Structure formats: C-alpha cells, structure tokens
Amino acid sequence: MSELRSFIDDELLPALSIERAYSWPGHNFTAAGDRLRGSCPFHESKTGSSFVVTPSNGLWWCQGCVRGGDVILYRHLLLGGNGTGPRGSVFVDLVRKLCGEAGVAFPERELTPEEKKRAEEASRNRAELETIYVTASTRLWTSEGDGARAYLFSRGLTETTIREYGLGLAGDEVREPDRGYILLPWRDEKGRPLTYYGRWPGDPPAGRPKTTAMRGEGTKRVPIFLDRIRGDEVVIVEGFFDVLVLRQAGDDRVVSGIAGTLPQTAIECLARRAVTRAFVCGDPDQGGRNGNESNVRRLHDSGIEPYVLKELPDGQDPDEYVRAHGIEEWRQRVQAAVSGWTWIGVQRIGEITPQSGDVVKNRVVRETLKTIEGAPETDREEVIRRLAKATGRTVSSLRRDAPKARSKAKQSAPTSAPGLKRRGRDSRELTDTGNSERFAARFGDRVRYVPEFGEFLALENGRWARDIGNVKTVEMTRAITREMRSSSDMSVAGYGVRSEKRAARENMLALARSLPGMAISPTALDADP
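Residues numbered from 1 in each chain as written. Predicted model: local features only at pLDDT ≥ 70, side-chain atom pairs only at ≥ 80, totals over all residues. Heavy atoms only, no water.

Undergrad: Help me understand the packing of aromatic side chains in this model?
TA: In this description, an aromatic ring pair is defined by two values, namely the gap between the centres and the angle between the planes. Using the criterion set out here, one finds 17 aromatic pairs in the structure. Between tyrosine 151 and phenylalanine 241, the aromatic rings sit 5.8 Å apart at their centres with planes inclined by 75 degrees, giving edge-to-face as the arrangement. Linking tyrosine 151 in helix H6 (residues 146–154) with phenylalanine 241 in helix H8 (residues 240–249), this pair joins segments that are 90 residues apart in sequence. Like phenylalanine 241, tyrosine 151 is buried. Every member of this aromatic cluster is reached through a ring pair, and the members are Tyr22, Phe29, Phe42, Phe51, Trp60 and Tyr74. Lying over the aromatic face of phenylalanine 241, arginine 155 brings its terminal NZ or CZ to 4.1 Å of the ring centre. It is arginine 466 that lies over the ring of phenylalanine 453; its NZ or CZ is 4.0 Å from the centre. (Phe/Tyr/Trp six-rings, centres within 6.5 Å; stacked < 30°, edge-to-face > 60°. Helix = DSSP H or I, 4+ residues; strand = E, 2+ residues; numbered from the N terminus. Buried < 20%, exposed > 50% of the residue type's maximum accessible area, 1.4 Å probe, protein only. Lys NZ or Arg CZ within 6 Å of the ring centre and 35° of its normal.)

See the structure below:
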C-alpha cells in the first residue's frame, strides 16, 4: 500500500468525526442500529433515509443512487465532481482540505505519481466493491436468487446470518467468470471493502470451479471477518461455510483465510491487530495438516501463541461438526487445543508403530528434534517426553541430542506468553513505561513538564510555550505509536496498535513526567534557550 494511502487510512480518516466528514446540512441523520440514516444530497429522497453511513468504517451508501464509497468520493461529488472519483491534483487537494478540517498535518514532501495513483485507485476500488456487494445482495432476495438461497439454507445458514454478512448472488456487476456464484463480501481489518469470494451454489457446471475470487494484488492480506474481532484471540478455519456457521452458532472469534495456509500478510495483520492467541483448525486432510504446521510456525514467529485443535472425527469440517454436535462441544474442543509445537511434534512421533525398528525410530528422533528446534522450552520438553515414551529412550539422552534446540527455544519463547516482558529491538519494554521512555528519548529535547502548572511545555521557534490541552504532546505520542506500528518486529507492531488507544497515550505522558530531566520548575526556565 502506498504511503499516501496509509496516511489517509491510518491518520486522516480516523481523525475525522462522522459529523464533520459528512458535512451536507440536509442529512438530518438519525441512528438506525449501528448506522446513521438521512437524506441524500445527490438525489431527491422522499423517505429522508436512503443515505446510510456506517460509523465503524466511515463509508456511505445510497440506495436511491445505488452507489457509495468513502468520504473522499462524497466530498468530490458534493463539489460537483464526476462519478468516477477525483484524480490527480483534485484528489490531493481534497485530501489536503480534509486534513485541515481534521487538524492533521498533510505530508510535507513530494508525492510520487505512482503514490498518488495507488491512493486514488484504492478510493475508487472501495466505492466499486461496495456497489458490487449491495447489488449482489439485493439480487439474492429476488426470484433470480431462489436456487442460491435454497442452497445456503441447506448448508445450515439462516436468513438472519445471510443478511448480516451481506451474502449475495453475483451478476453483471462482476467479471463474466464470476457470475452465478454466491458472493461473500470480504472486508479489511477496519471493515472497508477489500475483495469478494465466490462459491457455486451446489455442484458447478462442467468447466467451472467450485469457488472463485476477485483478482488483484493483496486481496487476501487480511483474514476474513477480522474487522469483527473484539478480543485478543482468534480461531482460524479454512472454509466459506466453516466461518459462517461457527459465527452463526455463537463463536465470534472465528476468522478464515479461505485456505489451509494463511498468507504471511494475513498473519502480520493479526499481529498488528494485537492478537495474542490463535487456535488453528485446518480441514481433516493432508492439506489441512500442512496448513496447520505452516500457520503454527509463522504465528509463533510473529509473537502470537499458536494452538491446534484435535482433528475432527469422521472427516468432518468445522461447519459439519458444529451442526452435528453443537456449539458447546466445539467450545470444549477449542479449550482442549494443544500447543502448536506439541501438535507438530506429535505428528512426527505418530509415524512410530509397535513394529517400528531402530532405523525408523532414529529417523523420527532426528526429524522431531529438528522440527521443534525453534519451540519454547516448555513445549520442547513436552515433545521430548512423548518422544522418549514412543522410542524407549531416556529424556536426558534426547536432551543431549538437541543442544541447539534447547538454546534456540530459550531465545524464541512467544513474546505474548503470560508474564513475559516483551522487548523491541531498542531494548525498551513493550509496556506503558517502555513507551514513556521512547517518548523521552525521541522528544526530550523539545518537551518539559512543569508540576506547578500541571502542564507540558513545548519548544516553539526557540521559546518554551505551554502545551494547552496537550495538543502537541499528544501528536508526539502518535508519532511514537506510528513508528512502532511500522516495525518489522511483529510484537512491537502489535503493541504499537494497542498503544494508540487514548488510555495508553495518556499513560505514556503521565509516566514520562517523572523521568529524569523531564520535570522543570518555572524559575529554571530560560526564556531564550
């Protein structure tokens, strides 16, 4: 994603209130569940409720106009712009104007043509996808969608679920190969349109695949339904119906990459979202097992504790299991999940049978110890104990055969383990105290705290000035969290996301006040430093 697009998504749009962003005075918004409804500025609305804004993602949609998009397109249309969206200098000028309204500094540097183009395209693509989602959803509830609805019902989905998740029937609004598929909207971590996924209703005609997806780079960079996760745990499943049926049954931790192996970008997104534990449940086949192992290793490397569910019985997929046994049985399986590293070790150990000779046992020992080389020490010890039982060797002899495994395990313990003080590459702890130290190291030459005033001072044009309302110092805390979020260390990036909350930023400033060199008395101030 271009830097300009990241700036718009991560700094500009979050700083704009809905009231300020959607500024036409005739909206007269009223709350309707988690959305706002009002009159549309682009056509005469008899009901006064056709224009809908979703505050959680900042997007709009008008049923009368059959179109929607983000606030940039909205402002462009308000100014009389064409329907394709702003381009070039018009786009940049709109972003600059919104920055002024939000109190956010526009990037003061030369923007490359490619950067501008990618930012413009992202805005247009979201508007187009929102139109596709609504058009397909509307079609599903017409006579044209009778067969698709019957199929969805046969797979255990209710009308409430189908409507809640916006399922639709793809038609002329998508490319020809995707028409006729049940369409599942796929949004990014903030609920903005990212892509779509399609499933043929039943057995597809000859020459057509069972599933399809929108083409494009990075279209699966976020696990589906991550925008709906509220805690720090996720359950990762594979399939279209797995994720929908489990969520319908009440497990709101479930996400999916619609594949056995999550893309690395999706795992990095989980880390940035401050997920601390992930329960993996691949399909009960070799592809699912391979996906489990790949996911475990990369989740661990990203600072997320991985667990794996026991393989479901009778070759059932998660949706089939829940429909047969109920959600409580599923919850118990998740609760009983084993450490991902233990699961990997057990897979290797399972190759040993009562008839296995020394050649097989020695090979399994070598492969197992190599496999768990990067595991946390507690998990490594558990696998060694099971390996000793399976091979007849002693635990101590297996430990001696794996000295590198023991050393590496100590270094690679999951950074999210309970009670462990996580450190970034600058050696400061990933805590409020660590953040206050980052603040002092970065801005200590420009900020002082005066206890008598109960305020910070900020250096402006060579003079100290009161930072009334902590306006400047709060912006400095945002600079700290932005820097952390961009770290290649996923545990640091994830903590940076959590540190963006108001309480975390306030704690950063409160703790910074007492750091050496930060507090100063009014009499010690030099009016001309």
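Alright, that's what it looks like, and here's the rest.
Undergrad: Whenever I open this one, the side chain of glutamate 305 confuses me. Can you help?
TA: By the secondary structure assignment, glutamate 305 is in strand S13 (residues 305–308). Look at glutamate 305: it is buried, it has no salt bridge, and the nearest opposite charge is arginine 277 at 5.2 Å. One polar contact links glutamate 305 to tyrosine 307, side chain to side chain, over a distance of 3.3 Å. (Lys, Arg positive; Asp, Glu negative; His and termini not counted. Salt bridge = Lys/Arg side-chain N within 4 Å of Asp/Glu carboxyl O. Polar contact = N/O pair within 3.5 Å; in protein donor to acceptor, adjacent residues only side chain to side chain.)

Undergrad: Any chance you could explain the sheet that holds strand S3 (residues 51–54) here in plain terms?
TA: By way of backbone hydrogen bonds, the strands of a sheet pair with one another, either parallel or antiparallel. Pairing is antiparallel across the open sheet formed by five strands, whose spatial order is S1-S2-S3-S4-S5. Each of the sheet's edge strands pairs with one partner strand only, and the pair in question is strand S1 (30–32) and strand S5 (67–69). Sheet twist, expressed as the mean angle between neighbouring strand axes with direction ignored, is 25 degrees. Bridge count for S3 against strand S4 (residues 59–62) is four bridges, and the pairing is antiparallel. Looking at the pairing, valine 52 lines up with tryptophan 61 of S4. (Pairing = 2+ DSSP bridges. Axes fitted to C-alpha atoms, helices over the stretch in contact; angles between N-to-C directions.)

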